[in-house]
Amino acid sequence: MKNIILLLLSFSIIACVNTPQYDKHCASRSGKPLTTNTVNSVVKVEPIYPANANQAGYVRARFSVDQNGRPQNIKIFESEPAGLYDSAAINAIKQWHYTPVCQNGIYVTAPNDIQQTEVKLSFPWPVVTMDTVNKALQYLKAHTNDVKAEDINLEASSEALQQITTYLENNPHLSNETLKILREARGYGLKAINFKRHYINTDQIEEPTANEQDVEVNKQEVMLAIDDLEFVNQARPYSERYRDMAGMASVLLKDYQLSNRYYEYCAEMKNAACMNILAVYSFYGKKNNVINPEKAIYLHKQTFKLATSWGCAGYYSTIHLADISYFTQFDTGDTWQNWYKKGDRFLPILKKKFNRDAPCSSVHIGLHKYISYLGEGVVKTDYLDNALSLEPAAWVIELITELKANTDLNQPSEYFFSTKAEQTQCNLGMLLVTFAHVTKNEKLIKIQTDNFTDLDKTECKNEYLMLNYANMLPAGS
């Protein structure tokens, strides 16, 4: 029997009672009867290649699962080459076993006229050799692991990854060094294709191909990728791997406990990017972290000491330290003005490093810097110009236009009295409240404070926290 790959495409069965029998396993831990609409694989038997097999192929099959967990009514709806592997696939599927669906505490059989379980059985040919694996490694390096997500061919990358997986499964006695090479390549490859799936599902990739439109993140693959990189890091620790593992756990698995663990490992290795991320999470209490301003300030200051060695991280930490100094009474070791100046000293280096006129910039940074200095009577329109260069949203352009035309804080324009942030504009709400306090106009302060407190506290959690620290909101807001 040759090796095959079993790729489960979907499980979706609607339960219907068919002479059911009560089963204690079809109940919760408390004994309460369950109702489910999914089946789970328990046993899979690999098919036997037919004697006349001489090329690669695949079979797509549909079937229902009866109340005993056995596949029924197996139908082949696609195969390549046509008919070559159909019988082998059917004979194997007949021996598979699933946990069937529950209906009020009893296992049931789904009728044939509803959506059924679909599987794809792949029959690789020839057997994967080291030469095949080397070609797969070269493909992943050139077209998957080190390229932009939109340039990844999911089908070709998945095929290369499967060749590596098959080789690993067929050769359990590889040297540790070979294992590290193969598992690192597979780990980063699985990371790359699943981030592309994530970007497609969140509309961050425009116009995906027809074959890519219905793809989903494969969490089992993500867990395998993390396991692969963990294996490599045990022998050769590298902070960037921990950062990649943390990113996968957070974004693709939504497992923030696991993500935070890897960010902590990464930060312990003095990775400035990880220290900056942990500092932000600690200050705002994000991603299951406890609010800890002292830890946040410590990590930001450690990141600042590394300057531009990790790109933008040191600069970002100066911005956060300036915000903490501006809005709160926590001791950051310097004033907000000096933290801004320290960060600005990094910019010429970062411009050269990234070959960009406005490196590490964001609209929010530019606007808040401008308003902060405006309160000191200092007009720094270059911050507004930098924000405009980032092609901001319409509300940002409108705000910048009014700020440029309104440098007399004693007479703020009607715009600031009439403008109200929408639920998705937490930053605008915070900027308007800050501007109102800078003007010291009590009427404007009340208007913008009332406007801001209409915003959702969960969606604008960070902004609420900062404005409360600054005593710019009513008690209890």
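Preceding this paragraph is the structure being described.
What you see is a predicted model, and the numbers here were worked out from it, not measured in a lab. (Residues numbered from 1 in each chain as written. Predicted model: local features only at pLDDT ≥ 70, side-chain atom pairs only at ≥ 80, totals over all residues. Heavy atoms only, no water.)

**Some thoughts on the overall build of the protein chain**
Here comes step 1: Along the protein chain, the regular secondary structure elements total 19 helices and nine strands.
Here comes step 2: Taken over the C-alpha trace, the protein chain has a radius of gyration of 29 Å; the compact-globule value for 477 residues is 23 Å, which it surpasses by more than 25%.
Here comes step 3: Each of the three principal axes of the protein chain carries a C-alpha extent, and together these read 90 × 55 × 40 Å.
Here comes step 4: Burial analysis of the protein chain (477 residues in total) assigns 46% to the buried set.
Here comes step 5: For the protein chain, long-range pairs separated by at least 24 residues make up 68% of all intrachain contacts whose partners lie at least 6 apart in sequence.
Here comes step 6: The centroid of the 48 positive side-chain charges in the protein chain is displaced by 6 Å from the centroid of its 53 negative side-chain charges. (Helix = DSSP H or I, 4+ residues; strand = E, 2+ residues; numbered from the N terminus. Rg over C-alpha atoms; globule rule 2.2 N^0.38 Å. Buried < 20%, exposed > 50% of the residue type's maximum accessible area, 1.4 Å probe, protein only. Contact = heavy atoms within 4.5 Å. Lys, Arg positive; Asp, Glu negative; His and termini not counted. Charge placed at Lys NZ, Arg CZ, Asp CG, Glu CD.)

**Some words on the packing of aromatic side chains**
Here comes step 1: Considering all chains together, one arrives at 25 aromatic pairs under this definition.
Here comes step 2: Taken together, a centroid distance of 5.4 Å and an interplanar angle of 75 degrees make the contact between tyrosine 49 and phenylalanine 123 edge-to-face. On the criterion of sequence distance, the pair formed by tyrosine 49 in the loop between strand 3 (40-43) and strand 4 (57-65) and phenylalanine 123 in strand 9 (residues 117-123) is long-range, its members being 74 residues apart.
Here comes step 3: The buried category is assigned to tyrosine 49, whose relative accessible area is 9%.
Here comes step 4: Assessed through its relative accessible area of 1%, phenylalanine 123 is described here as buried.
Here comes step 5: Look at tyrosine 373 and tyrosine 383: their rings are 6.1 Å apart centre to centre, the planes differ by 20 degrees, and that puts the pair in the stacked class. Residue tyrosine 373 is located in helix 13 (residues 363-374), and its partner tyrosine 383 is located in helix 14 (residues 381-389); the two are separated by 10 residues in the primary sequence.
Here comes step 6: Taking the relative accessible area as the measure of exposure, tyrosine 373 reaches 6% and is therefore buried.
Here comes step 7: Taken together through their ring pairs, the aromatic side chains of Tyr326, Phe327, Trp336, Tyr340, Tyr373 and Tyr383 make up a single cluster.
Here comes step 8: Between the NZ or CZ atom of lysine 342 and the centre of the ring of tryptophan 339, over which it lies, the distance is 4.2 Å. (Phe/Tyr/Trp six-rings, centres within 6.5 Å; stacked < 30°, edge-to-face > 60°. Lys NZ or Arg CZ within 6 Å of the ring centre and 35° of its normal.)

**Some words on the side chain of arginine 186**
Here comes step 1: Position of arginine 186 relative to the elements: it lies in helix 4 (residues 176-201).
Here comes step 2: For arginine 186, a relative accessible area of 8% corresponds to the buried category.
Here comes step 3: Once residues within four sequence positions are removed from consideration, arginine 186 is found in contact with Leu161, Ile164, Thr165, Leu168, Leu224 and Asp228.

**Quick word on the state of the cysteines**
Here comes step 1: Scanning the model with the defined rule gives three disulfides in all.
Here comes step 2: Paired by a disulfide, cysteine 312 and cysteine 360 hold their sulfur atoms 1.9 Å apart. Judged by the sign of its S-S torsion, about -75 degrees, the bond between cysteine 312 and cysteine 360 is left-handed. Pair noted here: cysteine 312 is in the loop between helix 9 (293-305) and helix 10 (313-327) and cysteine 360 is in the loop between helix 12 (347-354) and helix 13, with a separation of 48 residues, a long-range link. (Disulfide = S-S within 2.5 Å.)

**What to know about the pattern of salt bridges**
Here comes step 1: All told, the structure shown has 19 salt bridges when counted by the stated rule.
Here comes step 2: With a closest N to O distance of 2.8 Å, arginine 183 and aspartate 227 form a salt bridge. Here the residue arginine 183 occupies a position in helix 4, and aspartate 227 occupies one in helix 5 (residues 219-235), the gap between them amounting to 44 residues.
Here comes step 3: Take arginine 183: its relative accessible area is 15%, and that puts it in the buried class.
Here comes step 4: Classification of aspartate 227 as partly exposed rests on a relative accessible area of 42%.
Here comes step 5: With a shortest N-O distance of 2.8 Å, lysine 295 and glutamate 264 are connected by a salt bridge. With lysine 295 in helix 9 and glutamate 264 in helix 7 (residues 256-268), this pair connects stretches of sequence that are 31 residues apart.
Here comes step 6: Owing to a relative accessible area of 27%, glutamate 264 belongs among the partly exposed residues under this scheme.
Here comes step 7: A network of salt bridges, in which partner residues are shared, links Glu177, Lys180, Glu184, Arg236 and Arg241. (Salt bridge = Lys/Arg side-chain N within 4 Å of Asp/Glu carboxyl O.)

**Describing the packing of helix 6 (residues 239-252) against helix 7**
Here comes step 1: Where helix 6 meets helix 7, the axes come as close as 8 Å, and the angle between the chain directions of the two elements is 165 degrees. Looking at the two axes, helix 6 sits roughly antiparallel to helix 7. The interaxial crossing formed by helix 6 with helix 7 has left-handed handedness. Across the interface between the two elements, Ser239, Tyr242, Arg243, Met245, Ala246, Gly247, Ala249 and Ser250 of helix 6 pack against Tyr256, Leu258, Ser259, Tyr262, Tyr263, Tyr265 and Cys266 of helix 7.
Here comes step 2: Of the residues contributing to the contact of helix 6 with helix 7, the split by class is 10 nonpolar, four polar and one charged. (Axes fitted to C-alpha atoms, helices over the stretch in contact; angles between N-to-C directions. Parallel < 35°, antiparallel > 145°, perpendicular 65-115°, else oblique. Left-handed = near helix turned anticlockwise from the far one by under 90°. Nonpolar A, V, L, I, M, F, W, Y, C, P; charged D, E, K, R; others polar.)

**Let's talk about the pairing of strand 9**
Here comes step 1: Counting buried residues in strand 9 gives six out of seven residues, a clear majority hidden from the surface.
Here comes step 2: By the bridge criterion, seven bridges tie strand 4 to strand 9 in an arrangement that is antiparallel. Each bridged residue has a counterpart across the sheet, and for tyrosine 58 the counterpart in strand 9 is serine 122. (Pairing = 2+ DSSP bridges.)

**Observations concerning the environment of lysine 254**
Here comes step 1: With respect to the helices and strands, lysine 254 occurs in the loop between helix 6 and helix 7.
Here comes step 2: For the pair lysine 254 and arginine 197, spaced 57 residues apart in sequence, the C-alpha to C-alpha distance is 15 Å.

**Overview of helix 8 (residues 272-284)**
Note: α-helices contain 3.6 residues per turn, so residues at a spacing of three or four share the same orientation.
Here comes step 1: Taking 1.5 Å as the rise per residue, helix 8 with 13 residues should run 18 Å; its terminal C-alpha atoms sit 18 Å apart, in good agreement.
Here comes step 2: Those residues of helix 8 that sit buried are Ala272, Ala273, Cys274, Met275, Asn276, Leu278, Ala279, Val280, Tyr281, Ser282, Phe283 and Tyr284.
Here comes step 3: Buried residues along helix 8 sit against helix 6, helix 7, helix 9, helix 10 and helix 19 (461-469).
Here comes step 4: At the C-terminal side of helix 8, glycine 285 shows a positive phi close to 70 degrees. (Expected span 1.5 Å × (residues − 1).)

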